[in-house]
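# Structural overview
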Amino acid sequence: MTQAELCRLDAALAGMPTDRAGIRLRGIAGLRPLLAKDGPVGAAAASILGGESRPVRAILFDKTPAANWSLAWHQDRTVAVARRVEVEGFGPWTVKDGQLHVAPPFGVLAGMVTLRVHLDPVPITNAPLLVAPGSHRFGRIAEAEVADVVGRCGTAACLADAGDIWLYATAILHASEAARKPARRRVLQVDFAAGELPGGLEWSGV
């Protein structure tokens, strides 16, 4: 991402609360050109998913010295939808930060990618995302098996400079430790998918 694009992203996200671990984003006009298929973030997703690619969920993570949280190893297992429609294989349902979510069949997650856009530098001391490479190929991983899969796959730290974009399979195992030398660490995380959901379900969108 160029410096000008990074500045536009920074401006689009200005004024967001800084006291929450993650803020789910929807309806922010300034994000649209960046997430479009010809924008710097959307183009990266389209290079994997093709022309049907679209952003279906966005979360801003803002880790600071005052909010130096951590997350254990896990898979992202839910998608954001516009309204509740009972479809076989989809469930359970949850509401997160006011958005309706549902756990889909694993094949839906397997067809998605997640992009993380870094607004601040993320050296090893500032809590980079940790991923277990290849773990998405194990399908839906039971909680009791997570540690074993991480051990088999190993761990990679996603270091970044401001403006860097990381792309990974949405279903990959990932974690985040508390920063060793806390500094601001803002990351825009966007899930992309191609095509429609079945049975009348609709992506919530960004």
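Summary of the structure given here. (Residues numbered from 1 in each chain as written. Predicted model: local features only at pLDDT ≥ 70, side-chain atom pairs only at ≥ 80, totals over all residues. Heavy atoms only, no water.)

Attention shifts here to the overall build of the chain. Scanning the chain from terminus to terminus reveals five helices and twelve strands. Relative to the 2.2 N^0.38 estimate, which gives 17 Å for 206 residues, the radius of gyration of the chain is 17 Å and therefore close to what a compact globule would have. With the C-alpha coordinates of the chain rotated into their principal frame, the extents come out at 45 × 40 × 30 Å. Here the chain holds 206 residues, and 47% of them are scored as buried. (Helix = DSSP H or I, 4+ residues; strand = E, 2+ residues; numbered from the N terminus. Rg over C-alpha atoms; globule rule 2.2 N^0.38 Å. Buried < 20%, exposed > 50% of the residue type's maximum accessible area, 1.4 Å probe, protein only.)

Now for the side chain of glutamine 99. Within the element layout of this structure, glutamine 99 appears in strand S6 (residues 99-102). With residues up to four places along the chain from it excluded, the contact list for glutamine 99 reads Arg24, Leu25, Arg26, Ala80, Thr94 and Ser204. (Contact = heavy atoms within 4.5 Å.)

Formed by 21 residues in total, the largest nonpolar core has its most connected members in Leu9, Leu13, Leu25, Leu31, Leu188 and Phe192. For this core, the secondary structure elements donating two or more residues are helix H1 (3-12), strand S1 (22-25), helix H2 (32-35), helix H3 (40-49), strand S2 (53-63), strand S7 (113-118) and strand S12 (185-194). Residues contacting leucine 9, with those up to four places away along its chain left out, are Met1, Leu31, Leu34, Val117, Leu119 and Leu188. (Core = buried A, V, L, I, M, F, W, Y, C linked by side-chain atoms within 4.5 Å.)

Attention now moves to unusual backbone geometry. For the bond running from glycine 91 to proline 92, omega is 5°, close enough to zero to count as cis. Note that proline 92 resides in the loop between strand S4 (79-80) and strand S5 (93-96). Backbone geometry places aspartate 97, a non-glycine residue, at a positive phi of 55°. Here aspartate 97 shows up in the loop between S5 and S6.

Buried within H1 we find Glu5, Leu6, Leu9 and Ala12. In a view along the axis of H1, the buried residues occupy a sector of 120°, so they form one face of it. Seen from the open side of H1, the exposed residues pointing more than 90 degrees away from its buried face are Gln3 and Ala11. Buried-residue contacts for H1 involve H2, H3, S7 and S12. (Arc of directions from axis to C-beta.)

Looking now at the pairing of S12. Burial analysis of S12 places nine of its ten residues in the buried class, the great majority of the element. Where S2 lies against S12, ten bridges are found, and the strand directions are antiparallel. Looking across to S12, one finds that aspartate 62 is bridged to arginine 186. With six bridges joining them, S7 and S12 adopt antiparallel strand pairing. (Pairing = 2+ DSSP bridges.)

Here we come to the pairing of S6. When S4 meets S6, the two strands line up antiparallel, connected through two bridges. Looking across to S6, one finds that valine 79 is bridged to valine 102. Pairing of S5 with S6 involves four bridges; the strand directions are antiparallel. Across the sheet, threonine 94 pairs through a bridge with histidine 101, a residue of S6. Here S5 hands over to S6 after two residues, with aspartate 97 in that stretch at a positive phi of 55°.

Attention now goes to the layout of surface pockets. What the largest pocket holds in volume is close to 420 Å³. Together, 23 residues line the largest pocket, and Arg24, Phe61, Leu71, His74 and Asp76 are the ones closest to its centre. Those elements giving two or more residues to the lining of the largest pocket turn out to be S1, S2, strand S3 (71-74), strand S11 (174-176) and S12. Per-class residue counts for the lining of the largest pocket are eight nonpolar, seven polar and eight charged. (1 Å grid on protein atoms, 1.4 Å probe; cavity = no way out; pocket = protein on both sides within 12 Å on 5 of 7 lines; lining within 4 Å. Points joined across faces, edges and corners; volume = space filled by probe spheres on them. Nonpolar A, V, L, I, M, F, W, Y, C, P; charged D, E, K, R; others polar.)

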